[in-house]
Amino acid sequence: MKRIILLAAITVFGVATSNAQTAKKTAKKADAPVKVETPRVEGAGMVFENETIDYGTIPHNADGKREFVFVNNGNKPLLIESTQGSCGCTVPSKPEGAIAPGARGVIGVKYATDRVGPFTKTVTIKSNATGQETKVVTIKGTILPDAPADAAAPTKS
């Protein structure tokens, strides 16, 4: 009888150890960064890391410069013909020259942060990208008003 109990205990311990090792291997795989393949297109292509930039809540007159990063996922050079902001307070800049297949490019945008309150603006990009000759990306956020001067002044006793 002692032999059966001892054999059962060894078997249970062996299974638990085996499962623990499997769990450790699974955990290591989950921690590894996942590489997402960009689908390839025939011709020039344009895939953005983010199509919306959220400034969040920022102070009045803060730095309004941000960047939209993209990859040419095509097999031909990508040419950005023009970039246009939805209003005068949104000024985009485009890369000069062609973006080679597989290369990264940047569309800069500067928002005028002297305007207080929430905002949502767009940038229209015209290019030779196959199937998306016109692409619209978005910026958004909220500009805080300046703190009242009375609140910043020290009080006299």
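Quick note: structure is the one above.
Predicted model, so just to flag it, every value in this text is computed and none were measured.

1. Description of the state of the cysteines
In step 1: A full pass over the atoms with the stated rule returns one disulfide.
In step 2: Across the disulfide, C87 is cross-linked to C89 (sulfur-sulfur distance 2.4 Å). Here the disulfide of C87 and C89 is left-handed, its torsion about the S-S bond being about -55 degrees.
In step 3: Assessed through its relative accessible area of 25%, C87 is described here as partly exposed.

2. Quick word on the packing of aromatic side chains
In step 1: Here the structure, examined in full by the defined rule, presents five aromatic pairs.
In step 2: Ring plane angle 70 degrees and centroid distance 6.4 Å describe the contact between Y55 and Y111, whose orientation is recorded as edge-to-face. Taken together, the residues Y55 in strand β2 (residues 52-58) and Y111 in strand β6 (residues 104-111) connect sequence positions 56 residues apart. Taken individually, Y55 and Y111 each receive the classification buried, so the pair is uniform in this respect.
In step 3: Counting every residue linked through ring pairs, the aromatic cluster contains F48, F68 and F70.

Rules used throughout
Residues numbered from 1 in each chain as written. Predicted model: local features only at pLDDT ≥ 70, side-chain atom pairs only at ≥ 80, totals over all residues. Heavy atoms only, no water. Disulfide = S-S within 2.5 Å. Buried < 20%, exposed > 50% of the residue type's maximum accessible area, 1.4 Å probe, protein only. Phe/Tyr/Trp six-rings, centres within 6.5 Å; stacked < 30°, edge-to-face > 60°. Helix = DSSP H or I, 4+ residues; strand = E, 2+ residues; numbered from the N terminus.

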